[in-house]
Amino acid sequence: MLHIILYAIVPIVVIMLAGFISGKKGVFNGDDAKKFNKVVLDYALPAALFVSIVQSTREMLYHDLKLSIISLVVIMACFMLVYFIFAKCFKGNTGADGAIAALINGSPTIGFLGFAVLEPIFGTTPAVALVVAIVGIVVNAVGIPVGLSLLNASLEKQGTTPGGKRPSAWAPVIHALEQPVAWAPILAVVWVLAGIPWPEWLSPSFDLMAKANASMAVFSAGITLSAVQFKINWQGILGSILKLILMPAAALIIGLIFHMDPLNLKMLVVACALPPAFSGIIIADEYDTYVATGTSSLTLSVILFIGFCPLWIWLTDMALSAF
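This is a predicted model, so every value here is computed, not measured.

**Considering the overall build of the chain**
Scanning the chain for helices and strands turns up 15 helices and zero strands. For the chain, the C-alpha radius of gyration of 19 Å lies close to 20 Å, the compact-globule estimate for 323 residues. Over its C-alpha atoms, taken along the principal directions, the chain stretches across nearly 60 × 40 × 40 Å. Burial statistics for the chain: of 323 residues in total, 52% are counted as buried. Put simply, the chain shows about 14,600 Å² of open surface, and 69% of that area lies on carbon and sulfur atoms. Positive and negative side-chain charges in the chain, numbering 16 and 16 respectively, have mean positions lying 10 Å apart.

Here it is as C-alpha cells:
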C-alpha cells in the first residue's frame, strides 16, 4: 500500500500542487489552463486512448464477456445516476452541470491511473491490461460521448435558435462525435473488432503525444484550481461519495451476484474506486461549466483515494472469503 501511495498517488498531488502554486504566483492563469486543456483534449488524450485500445485484440475484448458487461452496466448506471442527481436535485443546477458532474464523478480516471495503480497491486499481467482496456473503452468510448451529448443538449436548450425552432435531437450527438476525444476511442474499438493489424512502427508517433496527457492534465487542473475559489460544499462531498463509495460497491455486489472471476472482480473494484476522471475537468474548463465544484470534488477525491484504495481491497477480500 505504501508503494501504491508513493508511486501512484503522491505524483498526482505533487504535479497538481505545482500547477496550483504556478497559478497563484501568476506564472500561468486560467486562460493558460484552457490552452493546456485544449492540447490535452484535442491531441494528447485522444492519442493516448487510441493507441492503448488499438493495440488490444478481439480475443482480449471477447475473453471475459461477463467482465465487459458488468463494467458497462455498473459504470454507465452510476454515470447516469450522478447526472440525474446533480441535474435535477440541486436548485440552480442545469443539465450541463449534471453532465459535467457525471463526466467527473461518474467516471474513474482509468486512462491516467489505471496501470499506475493496478500493476503495483496485481502485477504486470495480461489480466491487468484486459481490465484497463475494457474499463477504458466503457469510460472513453461510451461515457464521454454520452456526457458530451447531454452537455451540448443542455447548452443548446439554454440558447436561442433562429425563429424559435427547436434544435435537432441529433445535433448534440453529432457535435459530440465530431470531437477527437469521442471519435478516437470509437475508431480504435472498430479497428480492433475489424481485426485489422496495427503497425507497431506507428505507435511511437502516438506515444510521444500521449505522454503529455496525464502530466499536462493534472498540472492544468492545479492551475484551474488556483483560479477558482476552492470550497468544500455538499455537491463536492456528495460527488466524492458517489465516486469512491457507490461505484466500487456496485461493482463488488454485482460481481458477487454473477460470480465473476475473483481476480477480475478485485481489479474491477479497484478500477471503479479510482479518483474522478481528469478528462471531466478538462471538458468542464473547455465549456466553462461547473468548474469550481468539479475541481473541488476532484481534489477531495484524490486525497480520500489514499485511504479508500486499501479499504476496498480489504473489503473485496472479505467479501470473496465470505462467499
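Once you've had a look at it, read on.
**As for the environment of Leu 238**
Along the chain, Leu 238 falls in helix 12 (residues 234-257). According to the relative accessible area criterion, Leu 238 is partly exposed, its value standing at 26%. Sequence separation between Leu 238 and Ala 277 is 39 residues, and the spatial gap between their C-alpha atoms is 16 Å. Residues contacting Leu 238, with those up to four places away along its chain left out, are Ile 85, Phe 86 and Phe 90.

**Things to note about unusual backbone geometry**
Residue His 259 is not a glycine yet carries a positive backbone phi of 55°. Within the element layout of this structure, His 259 appears in the loop between helix 12 and helix 13 (262-272). Judged by its relative accessible area of 65%, His 259 is exposed.

**A word on the state of the cysteines**
Chemically, a disulfide is nothing more than a covalent bond linking the sulfur atoms of two cysteines. Evaluation of the coordinates by the stated rule reveals zero disulfides. This cysteine, Cys 78, is not joined by any disulfide, and Cys 272 carries the nearest cysteine sulfur, 7.3 Å off. The class for Cys 272 is buried, based on a relative accessible area of 0%.

**Side note on a nonpolar patch on the surface**
Taken together, the side chains of Leu 2, Leu 6, Tyr 7, Val 10 and Val 14 define a hydrophobic patch exposed on the protein surface, amounting to about 500 Å² of accessible area. Looking at where Val 10 falls in the secondary structure, it is placed in helix 1 (residues 2-24). Take Val 10: its relative accessible area is 33%, and that puts it in the partly exposed class.

**Comments concerning the environment of Thr 94**
Among the structural elements, Thr 94 can be located in the loop between helix 4 (65-88) and helix 5 (95-105). With 196 residues separating them in the primary sequence, Thr 94 and Tyr 290 have C-alpha atoms 9.6 Å apart. In this structure, Thr 94 is in contact with Ala 87, Ser 154 and Gln 158, ignoring residues within four places of it in sequence.

Criteria and thresholds
Residues numbered from 1 in each chain as written. Predicted model: local features only at pLDDT ≥ 70, side-chain atom pairs only at ≥ 80, totals over all residues. Heavy atoms only, no water. Helix = DSSP H or I, 4+ residues; strand = E, 2+ residues; numbered from the N terminus. Rg over C-alpha atoms; globule rule 2.2 N^0.38 Å. Buried < 20%, exposed > 50% of the residue type's maximum accessible area, 1.4 Å probe, protein only. Areas by Shrake-Rupley, 256 points an atom, 1.4 Å probe, with all protein chains shown as cover. Lys, Arg positive; Asp, Glu negative; His and termini not counted. Charge placed at Lys NZ, Arg CZ, Asp CG, Glu CD. Contact = heavy atoms within 4.5 Å. Disulfide = S-S within 2.5 Å. Patch = residues over 30% accessible without salt bridge, like charges linked within 9 Å, V, L, I, M, F, W, Y side chains within 5 Å. Salt bridge = Lys/Arg side-chain N within 4 Å of Asp/Glu carboxyl O.

Geometry only, nothing functional implied.
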